[in-house]
Amino acid sequence: MNIEERLVASAGKVEHFLGQILTTDDKDILSLYDSMRYSTLAGGKRIRPFLTLSVAEMFGASVKDAIYFAAALEMVHTYSLIHDDLPSMDDDDLRRGKPTNHKVYGEATATLAGDALLTGAFEIICAADLPAETKVSAVRVLSEAAGAEGMVGGQIMDLAAEETVPSFETLVKTHSLKTGALITASVRLGLLAAGVTDEHTTHAVCTYARHIGLAFQIIDDLLDVVGDEKELGKPIGSDKEEGKTTFLDFFSPEEATAYAERLTESAKAALSSYENSETLCALADYLLARKK
């Protein structure tokens, strides 16, 4: 099975699980669940839960042990996308080629759907059939990655960058928090599901995650300039129109590509001493070469 087939298979498992848990019999709150499901089940590569499941399997855990953590992670990621698209944030009309949540359900319902996904993620972690101390550690990892010192901190830095042009170092920090924190949390949750807590392994796997996370953002910035609008599901050049500083403000497309390639090689090197790392290395190459 190649990496694309693995991604599709993993995404199918995660989406099926999410579809099962995001349901209600209460007609009074059905519209909220419709909004939650609209964005959460809207497809996508499911890279973050794939990382969780792949790391867990790499170190001997089964999908059933890690699926709760993977689903919780995707719920937090989806909440961030719903809120990021709101008029008060990026004010986007399209997400994955479909109208954004607030365009379909209204700004208030979209905001509440994001709130419900965020809080519900921790409920799902607690429902996992894993030791209590493992679940407590998972809650801490995800809450730290999603909060002020992680993704939300990166988002506020990203908003500030629309008013003042950031330095290269600040740009790297912004994306290391806004995008990279959840990607790093993905692998840490996979390690926890497998019962792996030693510092050496955690450092190596997190190094891999940090490097692919930054490479992912560089490729995102490249695609916003040279990508295919139909494949991306959003207008080309939207970052520049919104006044955002990207890696293309510091590099030519060729230099940015070379930087992403170096990060990818460093990511794979971090796992070179571990057995069964082929899937994660293949994922790093896939993300580097992606077109959407």
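The shown structure was predicted, so the numbers you read here are calculated from the model rather than taken from an experiment. (Residues numbered from 1 in each chain as written. Predicted model: local features only at pLDDT ≥ 70, side-chain atom pairs only at ≥ 80, totals over all residues. Heavy atoms only, no water.)

1. Describing the overall build of the protein
- Scanning the protein for helices and strands turns up 15 helices and two strands.
- What you see for the protein is a C-alpha radius of gyration of 18 Å, in line with the 19 Å of a compact globule of 292 residues.
- Taken over the C-alpha atoms alone, the protein extends approximately 55 × 50 × 35 Å along its principal axes.
- Buried positions account for 51% of the 292 residues belonging to the protein.
- Residue pairs in contact within the protein that sit at least 24 positions apart in sequence constitute 73% of those at least 6 positions apart.
- Approximately 13,500 Å² of the protein is accessible, and the part contributed by carbon and sulfur atoms is 52%. (Helix = DSSP H or I, 4+ residues; strand = E, 2+ residues; numbered from the N terminus. Rg over C-alpha atoms; globule rule 2.2 N^0.38 Å. Buried < 20%, exposed > 50% of the residue type's maximum accessible area, 1.4 Å probe, protein only. Contact = heavy atoms within 4.5 Å. Areas by Shrake-Rupley, 256 points an atom, 1.4 Å probe, with all protein chains shown as cover.)

2. Regarding the packing of helix H3 (residues 47-58) against helix H4 (residues 63-84)
- Interhelical geometry of H3 versus H4 gives an angle of 160° and a closest axis separation of 8 Å. When the axis of H3 is compared with that of H4, the two are roughly antiparallel. Crossing hand, H3 versus H4: right-handed. Here Arg 48, Pro 49, Thr 52, Leu 53, Ala 56 and Glu 57 of H3 come into contact with H4, specifically with Val 63, Ala 66, Ile 67, Phe 69, Ala 70, Leu 73, Glu 74 and His 77.
- Class assignment for the residues of the contact of H3 with H4 results in nine nonpolar, two polar and three charged. (Axes fitted to C-alpha atoms, helices over the stretch in contact; angles between N-to-C directions. Parallel < 35°, antiparallel > 145°, perpendicular 65-115°, else oblique. Left-handed = near helix turned anticlockwise from the far one by under 90°. Nonpolar A, V, L, I, M, F, W, Y, C, P; charged D, E, K, R; others polar.)

3. Quick word on the state of the cysteines
- What the rule picks out here adds up to zero disulfides.
- With no disulfide partner, Cys 281 has as its closest neighbouring cysteine sulfur the one in Cys 206, 16 Å distant.
- Exposure remark for Cys 281: the relative accessible area of 17% places this residue in the buried category. (Disulfide = S-S within 2.5 Å.)

4. Brief notes about the nonpolar core
- Among the nonpolar cores identified, the biggest contains 41 residues, and Phe 69, Val 76 and Leu 142 are the most heavily contacted of them.
- Sorting the residues of this core by element identifies helix H1 (3-21), H3, H4, helix H6 (107-126), helix H7 (132-146) and helix H10 (180-193) as the ones contributing at least two each.
- Top element by residues in this core is H4. It accounts for 11 residues.
- Non-local contacts of Leu 142, meaning those with residues more than four positions away in its chain, are made with Ala 72, Leu 73, Val 76, Ala 121, Phe 122, Ile 125 and Leu 182. (Core = buried A, V, L, I, M, F, W, Y, C linked by side-chain atoms within 4.5 Å.)

5. A closer look at the packing of H3 against H10
- For the pair H3 and H10, interaxial distance at closest approach is 7 Å and the crossing angle is 30°. When the axes of H3 and H10 are compared, the pair comes out roughly parallel. Note that H3 runs across H10; the crossing there is right-handed. Facing H3, whose interface residues are Arg 48, Leu 51, Thr 52, Val 55 and Ala 56, H10 presents Leu 182, Ile 183, Ser 186, Val 187, Leu 189, Gly 190, Leu 191 and Ala 193.
- For the contact of H3 with H10, a count of residues per class yields nine nonpolar, three polar and one charged.

6. A few points about unusual backbone geometry
- With a phi angle near 55°, Arg 46 is a residue other than glycine that sits in the positive phi range.
- A positive phi is found at Asn 276, a non-glycine position, where the angle reads about 65°.
- The residue Asn 276 is located in the loop between helix H14 (253-270) and helix H15 (278-289) in this model.

7. Focus: H6
- End to end, H6 covers 30 Å across 20 residues, agreeing with the expected 28 Å (1.5 Å per residue, within 8%).
- Of the residues making up H6, those classed as buried are Ala 110, Ala 113, Gly 114, Leu 117, Gly 120, Ala 121, Phe 122, Ile 124 and Ile 125.
- At its buried positions, H6 is contacted by H1, helix H2 (30-40), H4, helix H5 (101-105) and H7. (Expected span 1.5 Å × (residues − 1).)

8. Considerations on the pattern of salt bridges
- Evaluation of the coordinates by the stated rule reveals 11 salt bridges.
- Notably, a salt bridge pairs Asp 65 with Lys 64, separated by 3.5 Å at the nearest N-O pair.
- Asp 65 gets classed as buried once you look at its relative accessible area, which sits at 19%.
- Judged by its relative accessible area of 60%, Lys 64 is exposed.
- With a shortest N-O distance of 3.8 Å, Asp 84 and Lys 178 are connected by a salt bridge. (Salt bridge = Lys/Arg side-chain N within 4 Å of Asp/Glu carboxyl O.)

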